[in-house]
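# Tertiary structure, described
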Amino acid sequence: MAKIVLGMVASHGPLLGTPPDLWAGRVKADHQNPALCYRGKEYTFPELLAARSHENFEPDLAIEVKQKRFDATQAAIKEMARVFHEVKPDVAVVIGNDQMEIMSDDNQPMMMVYYGEKFENVPFNEAQLKRLGPGVAIAEPNHHPAQPETYPGHPELGLHLIGSLIADNFDIASSIRLPEQAESKLTGIPHAWGFFYRRVMEDQVVPNVPIFINTFYPPNRPSTKRCLDLGAAIARAVESWDNNLRVAILGSGGMSHFVVDEDFDRKFMQAFSAPTHDEMLAFPDNMFRSGTAELKCWIPVKSAMDRTPLKMTVVDYQALIRSPAGTGSGMGFAYWR
Ligand SMILES: [Fe+2]
């Protein structure tokens, strides 16, 4: 039978591929965002600035502080890559979210398994780069290669997962060809997965099954409970797969963004490391909004790992703060082996 030998969760996001002196590029996006989500409420940038003025983020904005935190994230990603190469799984299940890159609201699956033989990671063309939000293009090499690359899928594991999840009462969507959308005009695997292929696998992409979770977009986002159940069901599927391969389960996204909530991130990491799911289930669902909701791509990895003897190591957590309103991204990295 197949065996789970590795679990990993990692944040992704433009700041991980942007030198700190250029983070102001993303602050433009914060100013343009009319609904910055923070602790269940939505703010404009001036409203958020006023609401958080007592937290005094000025020291976080010193270039030396930003550089130190950025360097720590780069070291953490290197460590994740080192562990990945050392464990050398034969195949991976990679859980991520689309951000209206190749999906759209004309048909948004809550959860989808990709079971195609291969798929592409395609760099943006000039016109697409121009349409990206402020400060995103510079970090593109973190997600997409310079030239289109074709990566191996794993149809056998994909189909086994679909069958096993259905038997486990998941009404799972499936895809054998990644969708393409007229609006975004983007093709290929979205950035959440690209980050793992580029920065953690370092382009040595193992055959893998991408699983999509709609973390961002109402009205059909899954609950924390459903994501925990999904992880356990993925683990059961791998355990019942009649194949001697060594499998990694990876989750991409989070932590708090585009408004950093360090207190929440640390509590989440605590709940994430806990032996039971009670603390995790106690978070109100409105904490998982906007980019922070990408943590729902981490949650299945935890419940899958809880079924294995693998031990969790938190590599690092850094609050990358880019504005006096506390916008930016909480960046966390952990693995089980
Ligand atoms: Fe993302």
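The text that follows walks through the structure, step by step, so that each part is easy to find. Per-chain numbering applies: the sequence of each chain, read as written, is numbered from 1 onward. Only residues with pLDDT of 70 or above have their local features reported here, since the model is predicted, and side-chain atom pairs are shown and tallied only from 80 upward, although totals for entire chains, interfaces and linings are computed over all residues. To get the side-chain values, all heavy atoms of the structure are used, and hydrogens and water are removed first.

## Digging into unusual backbone geometry
- At the junction of Pro 218 and Pro 219, the peptide bond is cis and its omega measures out at 10° in the coordinates.
- Mapped onto the fold, Pro 219 is located in the loop between strand S9 (208-213) and helix H7 (224-239).
- In the segment running from Gly 254 into Met 255, the intervening peptide bond is cis, with an omega of -10°.
- Relative to the helices and strands, Met 255 resides in the loop between strand S10 (246-252) and strand S11 (257-259).
- Of note, Asn 56 is a non-glycine position whose phi angle comes to about 45°, a positive value.
- For Asn 56, a relative accessible area of 45% corresponds to the partly exposed category.
- One non-glycine residue, Met 100, lies in positive phi territory at about 55°.
- Partly exposed describes any residue whose relative accessible area lies between the buried limit of under 20% and the exposed limit of over 50%, with all areas from a 1.4 Å probe on protein chains only and scaled to the type maximum. Residue classification places Met 100 among the partly exposed residues on the basis of a relative accessible area of 29%. Helix and strand assignments come from DSSP, with helices taken as H or I runs of at least 4 residues and strands as E runs of at least 2, each series counted from the N terminus.

## Side note on the environment of Met 112
- Assignment of secondary structure puts Met 112 in strand S5 (residues 111-114).
- Expressed as a C-alpha distance, the spacing of Met 112 and Asp 171, which sit 59 residues apart in the sequence, is 9.3 Å.
- Residues contacting Met 112, with those up to four places away along its chain left out, are Met 103, Ile 172, Ala 173, Ser 174, Ser 175, Pro 210, Ile 211 and Phe 212. Residue contacts are defined here by distance: any two heavy atoms, one from each residue, within 4.5 Å place the two residues in contact.

## A closer look at the packing of aromatic side chains
- Each Phe, Tyr or Trp ring (for Trp, its six-membered ring) is paired with any other whose centre lies within 6.5 Å, and the angle between the two planes then decides the class: stacked below 30 degrees, edge-to-face above 60, tilted in between. Within the structure shown, the criterion is met by 18 aromatic pairs.
- Ring plane angle 40° and centroid distance 4.2 Å describe the contact between Trp 193 and Phe 212, whose orientation is recorded as tilted. Taken as a pair, Trp 193 in helix H6 (residues 191-200) and Phe 212 in strand S9 lie far apart in primary sequence, 19 residues in all. Of the two residues examined, Trp 193 and Phe 212, each falls in the buried class.
- On the numbers, 6.0 Å between centres and 45° between planes, the contact of Phe 264 with Phe 268 is tilted. Of this pair, Phe 264 and Phe 268 both sit in helix H8 (residues 262-273), four residues apart, which is roughly one turn of the helix. The same class applies to Phe 264 and to Phe 268, which are both buried.

## Some words on the side chain of Thr 308
- Relative to the assigned elements, Thr 308 resides in the loop between helix H10 (299-305) and strand S12 (312-321).
- According to the relative accessible area criterion, Thr 308 is buried, its value standing at 15%.
- Distance and chemistry together define a polar contact, namely a pair of N or O atoms within 3.5 Å, with one atom able to donate a hydrogen and the other to accept it when in protein, and with adjacent residues in sequence counting only for side-chain atoms on both sides. A polar contact is formed between the side chain of Thr 308 and the backbone oxygen of Met 305, at a distance of 2.8 Å.
- A distance of 3.2 Å separates a polar side-chain atom of Thr 308 from the backbone nitrogen of Leu 310.

Shape is all these values report; function is a separate question.
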